[in-house]
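# Structure assessment
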Amino acid sequence: ATRSGGPGDFVNPQNGILVKPGDIEAIAEAMVEVYEHYSRFDPQEIRSYVVQNYSRQEIARRLVNIYKKYI
């Protein structure tokens, strides 16, 4: 993914690679890196990370905490 705001919040070395937007060479290199080292990216770890940080329950919990600040 590119460092274009949002992806920086959830892409990390365990689940992907961030590169500069518009840097075609860096994007190509990152794609080759993932392809050549695919086993480095554990699907179970990635799923666990997503569930812990972005499940409906987690997002709801975060929103409730934000709303509580203003009540």
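The preceding data block contains the structure.
For the structure given in this document, a descriptive report is provided here.

Assignment of secondary structure puts Asn 12 in the segment before helix H1 (24-36). Taking the relative accessible area as the measure of exposure, Asn 12 reaches 18% and is therefore buried. Only 2.8 Å separates the side chain of Asn 12 from the backbone nitrogen of Gln 14, close enough to count as a polar contact.

Moving on to the pattern of salt bridges. Enumeration according to the criterion identifies 3 salt bridges in this entry. The shortest N-O distance in the salt bridge between Glu 58 and Arg 61 comes to 2.6 Å. Pair noted here: Glu 58 and Arg 61 are both in helix H3 (residues 56-68), with a separation of 3 residues, about one helical turn. Here Arg 61 falls in the partly exposed class, since its relative accessible area comes to 44%. In this structure, Arg 62 engages Glu 58 in a salt bridge whose closest nitrogen and oxygen atoms are separated by 3.0 Å.

Take the packing of helix H2 (residues 43-54) against H3 next. Where H2 contacts H3, the two axes come as close as 5 Å, and the packing angle between them is 30 degrees. Between H2 and H3, the angle is such that the two are roughly parallel. Counted together, Gln 52, Asn 53 and Tyr 54 of H2 and Arg 56, Glu 58, Ile 59 and Arg 62 of H3 form the full contact between these two elements. Taken together, the residues that form the contact of H2 with H3 break down as 2 nonpolar, 2 polar and 3 charged.

To continue, consider the environment of Val 50. Mapped onto the fold, Val 50 is located in helix H2. Sequence spacing of Val 50 and Ile 27 is 23 residues, and the spatial spacing of their C-alpha atoms is 23 Å.

Moving on, we come to the packing of aromatic side chains. Tallying each qualifying case throughout the model produces 2 aromatic pairs. Consider the rings of Phe 10 and Tyr 54, whose centres lie 6.3 Å apart with planes at 80 degrees: the pair is edge-to-face. Linking Phe 10 in the segment before H1 with Tyr 54 in helix H2, this pair joins segments that are 44 residues apart in sequence. Residue Phe 10 is classed as partly exposed on the basis of its relative accessible area of 39%. Owing to a relative accessible area of 33%, Tyr 54 belongs among the partly exposed residues under this scheme. Taken together, a centroid distance of 6.3 Å and an interplanar angle of 65 degrees make the contact between Tyr 49 and Tyr 54 edge-to-face. The structure contains a cluster of three or more aromatic residues connected by ring pairs, namely Phe 10, Tyr 49 and Tyr 54. When the ring centre of Tyr 54 is taken as origin, the NZ or CZ atom of Arg 62, which lies over that ring, is 5.7 Å away.

The rules behind the values
- Along every chain, residues carry numbers that run from 1 in the direction the sequence is written.
- Owing to the predicted nature of the model, reporting of local features is limited to residues with pLDDT of at least 70; listing and counting of side-chain atom pairs is limited to 80 or more, with chain, interface and lining totals taken over all residues.
- The side-chain values count all of the structure's non-hydrogen atoms but skip hydrogen atoms and water molecules.
- What counts as a helix is a DSSP run of H or I of at least four residues, what counts as a strand is a run of E of at least two, and both are numbered from the N terminus.
- Buried, partly exposed and exposed residues are distinguished by accessible area as a fraction of the type maximum, computed with a 1.4 Å probe on protein chains only: under 20%, between the cut-offs, and over 50%, respectively.
- Each polar contact in these results corresponds to two N or O atoms within 3.5 Å; when the atoms are within protein, one needs to be able to donate a hydrogen and the other to accept it, and residues that are neighboring in sequence are counted only if both atoms are side-chain atoms.
- Only one rule defines a salt bridge in this text: a Lys or Arg side-chain nitrogen within 4 Å of an Asp or Glu carboxyl oxygen.
- To obtain an axis, a line is fitted to C-alpha atoms, over the contacting stretch when the element is a helix, and the angle between two such axes runs from 0 to 180 degrees between their N-to-C directions.
- Working rule for angles: under 35 degrees goes down as roughly parallel, over 145 as roughly antiparallel, 65 to 115 as roughly perpendicular, anything else as oblique.
- Throughout, a contact is declared for two residues whenever any of their heavy atoms are within 4.5 Å.
- Classification convention: Asp, Glu, Lys, Arg as charged; Ala, Val, Leu, Ile, Met, Phe, Trp, Tyr, Cys, Pro as nonpolar; all other residues, Gly among them, as polar.
- Each Phe, Tyr or Trp ring (for Trp, its six-membered ring) is paired with any other whose centre lies within 6.5 Å, and the angle between the two planes then decides the class: stacked below 30 degrees, edge-to-face above 60, tilted in between.
- Lysine and arginine charges are scored as sitting over a ring when NZ or CZ, respectively, is within 6 Å of the ring centre and within 35 degrees of the ring normal.

Just distances and angles here, no functional claims.
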